[in-house]
Amino acid sequence: MLSPMPSEVSGPRDEAELLARAHALAGATLGELAPRVGLIAPPDLRRAKGFVGQLLERALGASAGSQAQPDFPTLGVELKSLPVNARGRPCESTFVCHIPLTEIGSVEWDESRVWRKLRRVLWVPVEGERKIGVPQRRVGQALLWSPDAEEEAALRFDWEELAGVIGCGDVESLTGHLGRYLQVRPKAAHGRVRRQGVDREGASLAVLPRGFYLRATFTGRILARHYVLPSRG
DNA sequence: TTGTGATCATCT
DNA sequence: AGATGATCACAA
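The written sequence of each chain sets the order in which its residues are numbered from 1. Chains carry letters and ligands carry numbers; both start at the beginning, A for chains and 1 for ligands, and go up in the order they are written. In keeping with the model being predicted, local features are shown solely for residues with a pLDDT of at least 70 and side-chain atom pairs are shown and tallied solely at 80 or more, while totals for entire chains, interfaces and linings include all residues. Excluded from the side-chain calculations are hydrogens and water; all other atoms, namely the structure's heavy atoms, are used.

Caption draft 1: Quick peek at the protein's contact with DNA strand C. Close contacts around DNA strand C come from 19 residues, with Lys49, Gly176, Arg185, Ala188 and Arg215 the closest. Whether a residue is near a molecule or strand is decided by its heavy atoms; if any one of them lies within 4 Å of it, the residue is near. Each atom of DNA strand C within 4 Å of the protein was assigned to sugar, phosphate or base; sugar and phosphate come to 56%. Polar contacts, as used here, are pairs of N or O atoms within 3.5 Å; protein pairs need one atom able to donate a hydrogen and one able to accept it. Residues neighboring in sequence count only if both atoms are side-chain atoms. Between DNA strand C and Arg185 there is a distance of 2.7 Å, counted from a base nitrogen to a side-chain nitrogen or oxygen. With respect to DNA strand C, the side chain of Arg215 contributes an N or O atom lying 2.6 Å from a phosphate oxygen. The helix and strand labels rest on DSSP assignments: H or I over at least four residues marks a helix, E over at least two residues marks a strand, and numbering proceeds from the N terminus. Of the residues forming the surface near DNA strand C, the biggest block, 3 residues, is contributed by strand 5 (residues 182-186). Side-chain classes follow a simple rule in which Ala, Val, Leu, Ile, Met, Phe, Trp, Tyr, Cys and Pro form the nonpolar group, Asp, Glu, Lys and Arg form the charged group, and the remainder, Gly included, forms the polar group. Class assignment of the residues belonging to the surface near DNA strand C gives a composition of 5 nonpolar, 8 polar and 6 charged.

Caption draft 2: Just the nonpolar core, in detail. Side-chain atoms within 4.5 Å link the members of a nonpolar core, which is a set of buried Ala, Val, Leu, Ile, Met, Phe, Trp, Tyr and Cys residues. A 1.4 Å probe rolled over the protein chains alone gives each residue an accessible area, and that area as a share of the maximum for its type sets the label: buried under 20%, exposed over 50%, partly exposed in between. One finds Val96, Val114, Trp123, Trp159, Leu182, Phe212 and Leu214 to be the most contacted residues of the largest nonpolar core, which totals 33 residues. Broken down by element, the residue count for this core peaks at 7 residues, all from helix 5 (residues 149-167). Contacts are residue-level and defined by heavy atoms, with any inter-residue pair within 4.5 Å sufficient. Excluding anything up to four places from it in sequence, Leu214 contacts Ser93, Thr94, Val96, Leu118, Trp123, Leu155, Tyr181, Leu182 and Thr219. Counting 28 residues, the second-largest nonpolar core is a separate cluster that includes Leu39, Phe72, Val77 and Val126.

Caption draft 3: Spatial organisation of the protein's contact with DNA strand B. In the region of DNA strand B, 26 residues are neighbours, and Ser81, Arg130, Lys187, Arg195 and Tyr213 sit closest. In DNA strand B, atoms within 4 Å of the protein come 61% from sugar and phosphate. Contact distances for DNA strand B include 2.9 Å between a phosphate oxygen and a side-chain N or O atom of Glu78. Within the side chain of Lys117, a nitrogen or oxygen atom sits 3.2 Å from a phosphate oxygen of DNA strand B. If you list the elements that add at least two residues to the surface near DNA strand B, you get helix 3 (51-60), strand 1 (78-84), strand 2 (94-98) and helix 4 (113-118). For the surface near DNA strand B, the leading source of residues is strand 1, giving 4 residues. Partitioning the surface near DNA strand B into residue classes produces 5 nonpolar, 8 polar and 13 charged.

Caption draft 4: Looking closely at the packing of aromatic side chains. Ring pairs shown here join Phe, Tyr and Trp side chains whose ring centres sit within 6.5 Å, with only the six-membered ring taken for Trp; geometry is labelled stacked below 30 degrees between planes, edge-to-face above 60, and tilted in between. Counted under the stated rule, the structure contains 6 aromatic pairs. Between the aromatic rings of Trp145 and Phe218, the centroid separation amounts to 6.1 Å while the plane-to-plane angle is 80 degrees, which identifies the pairing as edge-to-face. A residue pair is termed long-range when its members are at least 10 positions apart, and Trp145 in strand 4 (residues 143-145) and Phe218 in helix 6 (residues 216-226) qualify at 73 residues. Classification of Trp145 as buried rests on a relative accessible area of 1%. According to the relative accessible area criterion, Phe218 is buried, its value standing at 2%. Seen from their ring centres, Tyr181 and Phe218 are 5.2 Å apart, and the 55 degrees between their planes marks the pair as tilted. With Tyr181 in the loop between helix 5 and strand 5 and Phe218 in helix 6, this residue pair connects regions lying 37 residues apart in the sequence. Across this residue pair, the class does not change: Tyr181 and Phe218 are buried. Among the aromatic residues, ring-to-ring pairing joins Trp123, Trp145, Tyr181 and Phe218 into one connected group.

Caption draft 5: Just the environment of Val126, in detail. Counting through the fold element by element, Val126 comes out in strand 3 (residues 121-127). C-alpha of Val126 to C-alpha of Asp14: the two residues are 112 residues apart in sequence and 23 Å apart in space. Not counting residues within four places of it along the chain, the set of residues in contact with Val126 comprises Leu30, Val52, Leu56, Leu82, Pro83, Val84, Arg138 and Val139.

Caption draft 6: Focus on the packing of helix 5 against helix 6. Only the stretch in contact is used when fitting a helix axis, every axis being a line fitted to C-alpha atoms; angles between N-to-C directions are given from 0 to 180 degrees. Where helix 5 meets helix 6, the axes come as close as 13 Å, and the angle between the chain directions of the two elements is 180 degrees. It follows from the interaxial angle that helix 5 and helix 6 lie roughly antiparallel. Contacts between helix 5 and helix 6 involve Glu150, Glu151 and Leu155 from the former and Phe218, Arg221, Ile222 and Arg225 from the latter. Here the contact of helix 5 with helix 6 is built from residues that sort into 3 nonpolar, no polar and 4 charged. Angular relationships are summarised with four words: roughly parallel below 35 degrees, roughly antiparallel beyond 145, roughly perpendicular across 65 to 115, and oblique for the angles in between.

Structure representation (structure tokens):
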């Protein structure tokens, strides 16, 4: 028999195994992990923005590909890497999913893409400051998380407001300013990309694709609640 | 082409 | 400095 390729890792059977695998990565650098899964750590992320996420997917045995499903379909768990600074605070917002512009007005929160993705997430903090070379960046302790009642209510409130604006045909008036924890921002290869949307009269029109993102204030609160983080000063 | 993985780069 | 809008790579 052929031995498995280094990049092939069978998926975890349950949450406990997934969490154990994730904890085993804590403290390792990206430069150490990359060759284990058949990757090479780039000098910077300008041309490899998804590198850290891809590396963790492989290292943890997530299903490859770009399907609109959780990374661990049988477990219903979504994997998210989270770039953090020296104080353990997120450096960036977190992309959640594309927005189905022509449908979202008729979707309920409970069946929304946002809720399906965020109901169970494995957060993996990774050093994200640009002054640290990518190969030298270390993986932190993973957190298997579900939103508590307060967090879910807040996300649902934002989602319903944002989905409502889109459903009314006002997607082009939306900016990243709206939404306390969840926001809508462009999500495209470049600014000339267009996809089908709906205007205020219900007619079809071509608009810049959008995605839902979690603000860093939200993910920062999650980390702060579950970890002891260094304080400033 | 669309959705996945995100960070970059600029403006306030 | 922090946040918004713009952008990059890859898979199916």
